[in-house]
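Read off the chains here:
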Amino acid sequence: MSPLSAAVETRSLGCRYGRFWALRDCSLSVPAGSVTALVGPNGAGKTTLLHLLVGLCAPSAGDARVLGWAPREHPLLVLPRVGFVAQDHPLYRGFRLSEMLTLGRRLNTRWDDALARERLQRLGLPLDRRVAALSGGEQAQVALTLALAKRPELLVLDEPAASLDPLARREFLGSLMEAVADGGLTVVLSSHILADLERVCDHLVLLRSGGVQLSGPIEEIVAAHRVLTGPRTDPASVARMHSVIQQRHSERQTTLLVRANSHVYDACWQVGEVDLEEIVLAYLGLGMPAAPVRREVAS
Amino acid sequence: MIWLTWRQQRTETLIAVALLVALAAVLIPTGLHVASVYDQARIGSCLAQDTAGCPDALGAFENRFEGLLGLVTWFTLLPGILAILIAAPFAIELEQGTFRLAWTQSITRRRWLTTKLVLIAAGALLAALIMSLLLTWWRTPFDQLGNRFDTGFESEGIVPLGYTVFAAALVIALGAVLRRTAPAIGLALIGFIVARVVIGGFLRPHYLAPLSATWSGDPATTGPDLRTAWLIRQDLSDAHGNAVHNLPSIADACGSDLAAKFGDASCLAQHGVFNHAIYHPASRFWLFQGIEAAIFLGLALALGAFAVWWIRDRVS
């Protein structure tokens, strides 16, 4: 068998609660070995998508393949190879850390107890400490430890750093990156803190209620987007060549954020680069870079 | 999974055990005391054969323990409390979202559900069994005295097992739907009491059609044994059990005062007035226990099946 090129693959995946579609028509592919950020506004279905990947939800439409298998139909083929940290990293509050490790050992076929103990020791968390006595950042680290001790091929994290203060967030993402550096791990994480994503992730999936809006390697996404500034005009001529993501007009000036399908040759536009955060915000319809031109690029 | 369930239930299980120990600490000494008084006052032989002094002895025995008996009647709420203790960790797991941690380890949701529900049901049954054995033993002397249906039915035998499992299933089903422990427990307690009142108060007399007996008021005739029976109604009737039309005039003729339950029985009998009773005989006690336990266990199974369906399809 050839090595899997995609750790996660979904086709027209949808999930419905009663008459309400929490996720609709989601088709995406997460390459093995990537660290993929899942971003989108509240209610876009990020959590639902992640729950579908670990079998917590059943698809109402389409299908999902995780490490080659449908997670809901074949939980025992998927779950042992997937580490999952749910939103707010739930842990049994009355348990001691040693008991959390016992839980992991007893409920998993693949479990690296030494790895878990070593990680907790490195974090300075004694095994007889109770979960309830830990700070939010420490609890998130314990949840990540439990997920990593499964020696997963895929790690799925739902807003792992959302509830943490900046310092704890930095430490959490640091230990996540260490784990990724050890190799062989694909990560899918959702976050609304865009600054984190650029540090940690190499792929991006942008989800809106209509489905996947943008998906691919972050480098390519950044390279493909440009800010055009020029005298006030109708952007129709640009739209023929490139997709205009967002436009803003002032009295004399028009600013466009475009996904350039080729080089922008038109001499009347000043062409500038944008960073990932600005691209994501533009797709979410949340404003336009205030000072669009960072650097001139030769076209 | 068994280890995890036990670890999650540990605190509540220990509280339930402490409750049962406290119950035993109350019931065993008082029960021994009641039994010794029962023997010393020769209540047993009085019940077998009415001799001089027996009515006084019986009255004294009943008066002496009336308060204690009233107190122990409250223990009929214990199944609800034991069930809440045993089922609460399940509701807490759904409220706090830790089920997502459990379900994404390498186990199936089915195994999680099966292990938890089987262990909770077993725990509830065991706790109820211990409670019922204690109470049934404690009440033995009182059950000889009279109608066991009235005060003993809900704390003796097998119905406490049905009550406990039902209350636990109610906490689990409500906990699954509401995903909040406190409202689930509150509603379960209300539902438990309503079910007990409705089924015990309105359904239980109709598990079987009551027997009807008509017998002459002549002191030489003996009617059915009503002392230990569950009496639904007793009045005066004609030979066929129908109401007597001219009862007031007959009573006047016999010099009886029916309101004061005073009457010349043989005079009334001569005028064709009979005793009439509608009742469940004492021999039906265990049959009724079986029917009521089956009703509550059936409700518990239905609630359990509903909770399983809800959790498998709707909780994520």
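Please refer to the structure higher up on the page.
The shown structure was predicted, so the numbers you read here are calculated from the model rather than taken from an experiment.

A. Structural detail: the overall build of chain B. Counting its regular elements, chain B contains 13 helices and three strands. At 25 Å, chain B has a C-alpha radius of gyration far larger than the 20 Å of a compact globule built from 316 residues. The dimensions of chain B, computed from C-alpha atoms along their principal axes, are 85 × 45 × 25 Å. By the burial criterion, 33% of the 316 residues in chain B qualify as buried. Here the contacts in chain B between residues at least 6 apart in sequence split such that 80% fall between residues at least 24 apart.

B. Spotlight on the overall build of chain A. Helix and strand counts for chain A come out as 10 helices and 13 strands. Overall, the C-alpha framework of chain A stretches about 65 × 40 × 40 Å when taken along its three principal axes. The 299 residues of chain A split such that 42% are buried. Considering only intrachain contacts with a sequence separation of at least 6, the fraction spanning at least 24 residues in chain A is 67%.

C. Representation of the sheet that holds strand E7 (residues 186-190) of chain A in the model. Residues and elements named next belong to chain A. Within the open sheet, the six strands sit side by side as E5-E6-E7-E3-E8-E9. Their pairing is mixed. Strand pairing shows two members of the sheet lacking a second neighbour, strand E5 (82-85) and strand E9 (211-217), which therefore form its edges. In this sheet, adjacent strand axes meet at a mean angle of 15° when their direction is disregarded. Bridge count between strand E6 (residues 154-158) and E7: five bridges; the pairing is parallel.

D. Broad picture of the sheet that holds strand E4 (residues 61-66) of chain A. Residue and element names in this part refer to chain A. The three strands are arranged E2-E1-E4 in an open sheet whose pairing can be described as antiparallel. On the outer flanks of this sheet lie strand E2 (20-31) and E4, each paired with one strand and no other. Within this sheet the neighbouring strands show an average axis-to-axis angle of 20°, counted without direction.

E. Highlighting the nonpolar core. Residues and elements named next belong to chain B. Ranked by size, the top nonpolar core spans 137 residues in total, and within it Ala87, Ala168 and Val171 carry the most contacts. Sorting elements by how many residues they give to this core places helix H9 (residues 159-178) first, with 14 residues. Apart from the residues within four sequence positions on either side, Ala87 is in contact with Ile120, Ala168, Val171 and Ile172.

The rules we used
- Residues numbered from 1 in each chain as written.
- Chains lettered and ligands numbered in written order.
- Predicted model: local features only at pLDDT ≥ 70, side-chain atom pairs only at ≥ 80, totals over all residues.
- Helix = DSSP H or I, 4+ residues; strand = E, 2+ residues; numbered from the N terminus.
- Rg over C-alpha atoms; globule rule 2.2 N^0.38 Å.
- Buried ≥ 20, exposed ≤ 12 C-beta atoms within 10 Å, placed from the backbone.
- Contact = placed C-beta atoms within 7 Å.
- Pairing = 2+ DSSP bridges.
- Axes fitted to C-alpha atoms, helices over the stretch in contact; angles between N-to-C directions.
- Core = buried A, V, L, I, M, F, W, Y, C linked by C-beta atoms within 7 Å.

Honestly, that's just the spatial picture; any functional story needs more than this.
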